[in-house]
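The chain contents come next:
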Amino acid sequence: MPEQPLVSVIMNCFNGEKYLREALDSVLAQTYSNWELIFWDNQSTDQSAEIFRSYDDPRFKYFHAANHTLLYEARNYAVSRSQGEFIAFLDVDDWWSPAKLVKQIPLFDDPEVGLVYGNYWFENERKGTRKVGHHKQLPSGRILNELLKKYVVGLLTIVIRRQALESLDQPFDPRYHVIGDFDLTVRLAVIWEFACVDE
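Residues numbered from 1 in each chain as written. Predicted model: local features only at pLDDT ≥ 70, side-chain atom pairs only at ≥ 80, totals over all residues. Heavy atoms only, no water.

Undergrad: Help me out: how do you make sense of the nonpolar core in this one?
TA: In globular proteins that are soluble, nonpolar side chains generally tend to be buried together. In terms of nonpolar packing, the biggest core is built from 31 residues, with Phe89, Tyr117, Ile160, Leu188 and Phe194 touching the most fellow members. Elements with a contribution of two residues or more to this core: strand S2 (35-41), helix H3 (71-80), strand S4 (86-89), strand S5 (113-118), helix H6 (162-166), helix H7 (180-191) and strand S9 (193-197). For this core, the element with the highest residue contribution is H3, accounting for four residues. Leu188 has contacts with Leu115, Ile160, Ala164, Leu165, Leu168 and Phe194, leaving out every residue within four places of it along the chain. (Core = buried A, V, L, I, M, F, W, Y, C linked by side-chain atoms within 4.5 Å. Buried < 20%, exposed > 50% of the residue type's maximum accessible area, 1.4 Å probe, protein only. Helix = DSSP H or I, 4+ residues; strand = E, 2+ residues; numbered from the N terminus. Contact = heavy atoms within 4.5 Å.)

Encoded structure:
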């Protein structure tokens, strides 16, 4: 694998101004530098576009949807604009730790690995609390059965090999409103090994 292959970070947005700067800043803070950010604006009516355009970085790429669509259809549009060998997902109300990509990408040295994921924190702004998503060791390898028993993959942690994504009929099923990432992950788990940065 070439050193630092391109990673496409997919960020879908519809009126996401409240936490958008934190999300964008967490991409800029990555110690892994070869990425592009595909920002798909699903016809926001707030200040999301202005916030995004205030960043002067050629890796930030803005796309405005011709029509407002359901989320998973919008995710497919964003993915179709990406160029990276690997594809990651970050929503506007999530953010990454600085070493996320630099720790995950080397796990793709194994050509059987189609997806790499990790653990995550929940932050409760009102209560000022933080809790880890999963306390037990996360599975890796051929984990379809484990995922069907207990689903532990958070979309914000996922990085997918483009070849793995292209092995499917389509990335996300646009019929879904809320479980499209679960559907995508399970379909990938049928074919590919998963690796995990368990932190």
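Undergrad: Explanation requested: helix H1 (residues 17-28) in the structure shown.
TA: Given 3.6 residues per helical turn, the α-helix brings residues three or four places apart onto the same face. For H1, built from 12 residues, the straight-helix expectation of 16 Å at 1.5 Å per residue is met to within 8% by its first-to-last C-alpha distance of 17 Å. For H1, the full list of buried residues reads Leu20, Ala23, Leu24, Ser26 and Val27. Projected onto a plane normal to the axis of H1, the buried residues spread over an arc of 155° and lie on a single side. (Expected span 1.5 Å × (residues − 1). Arc of directions from axis to C-beta.)

Undergrad: Whenever I open this one, the environment of Tyr117 confuses me. Can you help?
TA: Considering the arrangement of structural elements, one finds Tyr117 in strand S5. Sequence-distant contacts of Tyr117, defined by excluding residues within four places in its chain, comprise Gln104, Leu138, Pro139, Ile143, Val152, Val153, Thr157, Phe194, Ala195, Cys196 and Val197. Within the local environment of Tyr117, its side chain forms a polar contact with the backbone oxygen of Pro139, the two atoms lying 2.5 Å apart. (Polar contact = N/O pair within 3.5 Å; in protein donor to acceptor, adjacent residues only side chain to side chain.)

Undergrad: How should I be thinking about a nonpolar patch on the surface in this particular structure?
TA: A contiguous nonpolar surface patch, about 380 Å² in accessible area, is contributed by Leu148, Val178, Ile179 and Phe182. Mapped onto the secondary structure, Val178 falls in the loop between H6 and H7. Residue class for Val178 comes out exposed when judged on its relative accessible area of 66%. (Patch = residues over 30% accessible without salt bridge, like charges linked within 9 Å, V, L, I, M, F, W, Y side chains within 5 Å. Areas by Shrake-Rupley, 256 points an atom, 1.4 Å probe, with all protein chains shown as cover. Salt bridge = Lys/Arg side-chain N within 4 Å of Asp/Glu carboxyl O.)

Undergrad: Which parts of the structure should I look at to understand the environment of Asn15?
TA: Position of Asn15 relative to the elements: it lies in the loop between strand S1 (7-13) and H1. Residue classification places Asn15 among the partly exposed positions, given a relative accessible area of 32%. Sequence separation of Asn15 and Cys196 is 181 residues, and the distance between their C-alpha atoms is 32 Å. At a separation of 2.6 Å, a polar atom in the side chain of Asn15 contacts the main-chain amide nitrogen of Thr45.

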